[in-house]
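Residue strings, one per chain:
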Amino acid sequence: MAIIPPTERAEDCVLVIFGASGDLTRRKLIPALYDLDRLGRLPEKLVVLGVSRTELGDDGFRETLAEGVRKHATRFEEDAWAAFAKRLHYHAADASQQGAFNGLRDRIRKVGKEAGIDRGEGGPNVLFYLSVAPNLYEPIVDRIGDSAMVTEGKRWCSLDPRGSAWQRIIVEKPFGTDLASAETLNRTLGRVFEEDAIYRIDHYLGKELVQNILVLRCVNSIFEPLWSREHISHVQVTAAEDIGVGKRAGGFYDGAGALRDMIQSHLLQVLALVAMEPPTAFDAESIMREKIELFRAFREPTPKLVAPNAAFGRYGAGVGADGSDEPAYADLEGVDPDQRTETFAATRLEFDTWRWAGVPFFVRSGKRMAQKLTEVVVEFKRPPIDVFRRAMQKASDRVEAFNPNRLIIRIAPSEGVTFEVLGKVPGSGLQIATAGLDLDYQKQFGGEPIEAYAPLLLDAMRGDRTLYKHRDEVEGMWRVVEGYLKSDEVRQGIQTYAPGSWGPDKADEVIKRAGFRWRNPEGKGSA
Ligand code: BG6
């Protein structure tokens, strides 16, 4: 189906947030919207309507959000908050009850009318946001459909000349718990909304350095010719966090684990931007198509290779890198230790494309690790011969002993790109050392950092899905992890790792089998 080019501006709408009293709304969504408003980026008449079960009035809702904005917005300004708070409204409703949706529909119309953005028969434009427990996604979507709230769902993408209202929906992760449940959720969404009106969000795609991956590849002519099995030995994608699971353990985390929570979603998206074919244009259709193709090319490991290619770990008790003392994951309240939920996962992935045949991609993510670090490491092959071998007698001075060239894309905490090259150490005699050509984003471009959700929310209001996921992409991503997720052998082999470390030993073995090692900036296994 043709994808409609994005409208220039974010359009006025009612943003209906299901799960308004939740953590995500308080810590991420509202602070991001507030910052956008402060910077003059929100559509003039945008209204936010929070929906949850708690009985709260508009004023009560605003009060509950003020603290989150103070704490999590880029900059808090009293006047800017006062102006922004006027946009916030609240509707108490039990989203699991069909009866609640007629009241909600009327309220959406009412706030739309009051804001002056009613568009006649269809009411105002509506952007739904599902930020609730995943078991409520399908009931809510069904009820949105049953209460006829999607009047133009199938029509908005034909650019109705009468300009009637549109309805779109943003769906948070987790998007299903496996391939089958993701397919079911996609079908439910598809019964009510056109694919072009469905925005499957991944906040990693809103991060500057993630967006920069394609820019780096496709506008710097030196990289793309090198971007293949000819020159690249392997790729590593790491998302390490120093904090533990804490209170979330009793919620969705236990039973979900790192492979679902981080790898299936965020890290595979990052990997896709590294490994996909360059799109023919920077638009949703071209980018989604190439990502889908990449996931289709995933080489499923043979049954014998599943266990050697994956490592699961859970952190033990102790003081973590952030200095805090936390019990072992298995002892946290709400955790069933027998489920063997992993707080760390590492896998080796391969893609049967012309470009990448034989090149392994290593992906890892864990909680309570040595430091907060999100990065991509693209490692290049070594030179075909060592012309310095006679000049450098000591084995430790030999070129083979050095790291090969690496391109390091630093997504967090310090945003930037480092290209590691080897150079002669000044002085008499021949000594060679690794040095970094460094692009520090903050130093180079300055600007105010903004929450990753901000550009994504704005895109949804503009009708631009470039940084969102297509249904086939999500299903493809589940296919990539499913073999590891459902392997008893991998789960039974789960190891305990020390807080503040780089994860279980098995993770080192997974990469070592291919002749490489993780780039661990400090601590165990440092490269
Ligand atoms: C969320 C995961 O999607 O991403 C969390 O559910 C994780 O477990 C978080 O902590 C990490 O996000 P970021 O932006 O801090 O890397």
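Residues numbered from 1 in each chain as written. Predicted model: local features only at pLDDT ≥ 70, side-chain atom pairs only at ≥ 80, totals over all residues. Heavy atoms only, no water.

1. Focus: the overall build of the protein
Secondary structure summary: the protein contains 15 helices and 17 strands in total. The C-alpha atoms of the protein give 24 Å as radius of gyration, which agrees with the globular expectation for 527 residues (24 Å, within 12%). Across the 527 residues that make up the protein, the buried fraction comes to 55%. Considering only contacts in the protein between residues 6 or more positions apart, those separated by 24 or more positions represent 77%. Looking at the protein as shown, the accessible area adds up to about 22,600 Å², and 50% of this sits on carbon and sulfur atoms. (Helix = DSSP H or I, 4+ residues; strand = E, 2+ residues; numbered from the N terminus. Rg over C-alpha atoms; globule rule 2.2 N^0.38 Å. Buried < 20%, exposed > 50% of the residue type's maximum accessible area, 1.4 Å probe, protein only. Contact = heavy atoms within 4.5 Å. Areas by Shrake-Rupley, 256 points an atom, 1.4 Å probe, with all protein chains shown as cover.)

2. As for a nonpolar patch on the surface
Taken together, Ile-385, Val-387 and Phe-388 make up a surface patch of nonpolar side chains, about 300 Å² in accessible area. Inspection of the secondary structure puts Phe-388 in the loop between strand E13 (373-380) and strand E14 (406-412). According to the relative accessible area criterion, Phe-388 is partly exposed, its value standing at 35%. (Patch = residues over 30% accessible without salt bridge, like charges linked within 9 Å, V, L, I, M, F, W, Y side chains within 5 Å. Salt bridge = Lys/Arg side-chain N within 4 Å of Asp/Glu carboxyl O.)

3. A word on the site of the ligand
Taken together, Lys-173, His-203, Tyr-204, Lys-207, Glu-241, Arg-248, Asp-261, Met-262, His-266, Lys-367 and Lys-372 make up the full set of residues adjacent to the ligand. Within the side chain of His-266, a nitrogen or oxygen atom sits 2.7 Å from an oxygen atom of the ligand. The separation between an oxygen atom of the ligand and a polar side-chain atom of Lys-367 is 2.7 Å. With the chains in place, 80% of the 390 Å² that the ligand exposes on its own is no longer accessible. Along the lines of polarity and charge, the residues of the shell around the ligand split into two nonpolar, two polar and seven charged. (Near = heavy atom within 4 Å. Polar contact = N/O pair within 3.5 Å; in protein donor to acceptor, adjacent residues only side chain to side chain. Nonpolar A, V, L, I, M, F, W, Y, C, P; charged D, E, K, R; others polar.)

4. Remarks on the packing of aromatic side chains
Two numbers describe a pair of aromatic rings. These are the distance of the centres and the angle of the planes. Following the criterion strictly, the structure yields 22 aromatic pairs and no others. Both rings, one in Phe-18 and one in Phe-101, keep their centres 6.1 Å apart while their planes meet at 25°; by these two values the pair is stacked. One end of the pair, Phe-18, is in strand E1 (residues 14-18); the other, Phe-101, is in helix H4 (residues 100-115), with 83 residues separating them in the sequence. Across the pair, exposure class does not vary: Phe-18 and Phe-101 are buried alike. Seen from their ring centres, Tyr-315 and Tyr-497 are 6.5 Å apart, and the 75° between their planes marks the pair as edge-to-face. In this pair, Tyr-315 sits in strand E8 (residues 310-315) while Tyr-497 sits in strand E17 (residues 495-497), placing the two residues 182 residues apart along the sequence. Tyr-497 sits in the buried class, given a relative accessible area of 2%. Among the aromatic residues, those joined into a cluster by ring pairs are Phe-252, Tyr-253, Tyr-315, Tyr-329, Phe-344 and Tyr-497. Sitting over the ring of Trp-166, Arg-168 keeps its end group 3.5 Å from the ring centre. One residue, Lys-207, lies across the ring of Tyr-204, its end atom 4.5 Å from the ring centre. (Phe/Tyr/Trp six-rings, centres within 6.5 Å; stacked < 30°, edge-to-face > 60°. Lys NZ or Arg CZ within 6 Å of the ring centre and 35° of its normal.)

5. Observations regarding the packing of helix H1 (residues 23-38) against helix H3 (residues 78-85)
Viewed as axis vectors pointing N to C, H1 and H3 meet at an angle of 110°, and their least axial separation amounts to 10 Å. The orientation of H1 relative to H3 falls into the category roughly perpendicular. Facing H1, whose interface residues are Ile-30, Leu-33, Tyr-34, Asp-37 and Arg-38, H3 presents Ala-80, Trp-81, Ala-83 and Phe-84. In the contact of H1 with H3, the residues fall into seven nonpolar, no polar and two charged. (Axes fitted to C-alpha atoms, helices over the stretch in contact; angles between N-to-C directions. Parallel < 35°, antiparallel > 145°, perpendicular 65-115°, else oblique.)

6. Overview of H4
For H4, spanning 16 residues, the distance from its first C-alpha to its last is 23 Å, which sits close to the expected 22 Å at 1.5 Å a residue. All of the buried residues in H4 are Ala-100, Phe-101, Leu-104, Arg-107, Ile-108, Val-111 and Gly-112. Considered in projection along H4, the buried side chains sweep an arc of 130° and stay on one side of the axis. Every exposed residue of H4 that faces more than 90 degrees away from the buried side is listed here: Lys-113 and Glu-114. Looking at the buried residues of H4, the elements they touch are E1, strand E2 (47-52), helix H2 (58-72), strand E3 (88-92), strand E4 (126-130) and helix H5 (137-146). One or two positions beyond H4, positive phi appears at Gly-116, with a value near 80°. (Expected span 1.5 Å × (residues − 1). Arc of directions from axis to C-beta.)

7. Describing the sheet that holds strand E12 (residues 361-366)
Spatially, nine strands are ordered E16-E15-E14-E13-E7-E12-E11-E8-E17 in an open sheet, and the strand pairing comes out mixed. Edge positions in the open sheet fall to strand E16 (432-440) and E17, since each of these has one partner strand only. Shown here is a sheet whose adjacent strand axes are inclined to one another by a mean of 20°, direction ignored. With five bridges connecting them, E14 and strand E15 (residues 416-424) associate as antiparallel partners. (Pairing = 2+ DSSP bridges.)

8. Describing the pattern of salt bridges
What the rule picks out here adds up to 37 salt bridges. A salt bridge links Glu-11 to Arg-168, with the shortest nitrogen-to-oxygen separation between them at 3.9 Å. Placement of Glu-11 in the segment before E1 and of Arg-168 in strand E5 (residues 167-171) is noted, with a sequence separation of 157 residues between them. For the residue pair Glu-11 and Arg-168, the accessibility class agrees, reading buried in each case.

9. Concerning the environment of Glu-138
Note on placement: Glu-138 falls in helix H5. The class of Glu-138 is partly exposed, set by a relative accessible area of 26%. For the pair Glu-138 and Gly-318, spaced 180 residues apart in sequence, the C-alpha separation works out to 40 Å. Aside from chain neighbours lying at most four places away, what touches Glu-138 is Thr-184, Leu-185 and Thr-188.

10. Some words on the confidence of the model for the protein
Summarising the model, the protein shows a mean pLDDT of 91, and 94% of its residues fall at 70 or more. Considering only residues more than four positions removed or in separate chains, one finds that residues 1-6, a stretch of pLDDT under 50, has 15 contacts. Segment residues 154-162: pLDDT under 50, and 18 contacts once partners within four positions in sequence are set aside and those in other chains are kept. (pLDDT = per-residue confidence, 0-100.)

11. Things to note about the side chain of His-234
Structurally, the position occupied by His-234 is in strand E7 (residues 232-240). The class for His-234 is buried, based on a relative accessible area of 0%. In terms of polar contacts, His-234 uses its side chain to reach the side chain of Ser-233, at 3.1 Å. Within the local environment of His-234, its side chain forms a polar contact with the side chain of Gln-236, the two groups lying 3.1 Å apart. Those residues in contact with His-234 that sit more than four places away from it in its chain are Val-359, Pro-360, Phe-362, Val-377, Val-378, Glu-379 and Phe-516.

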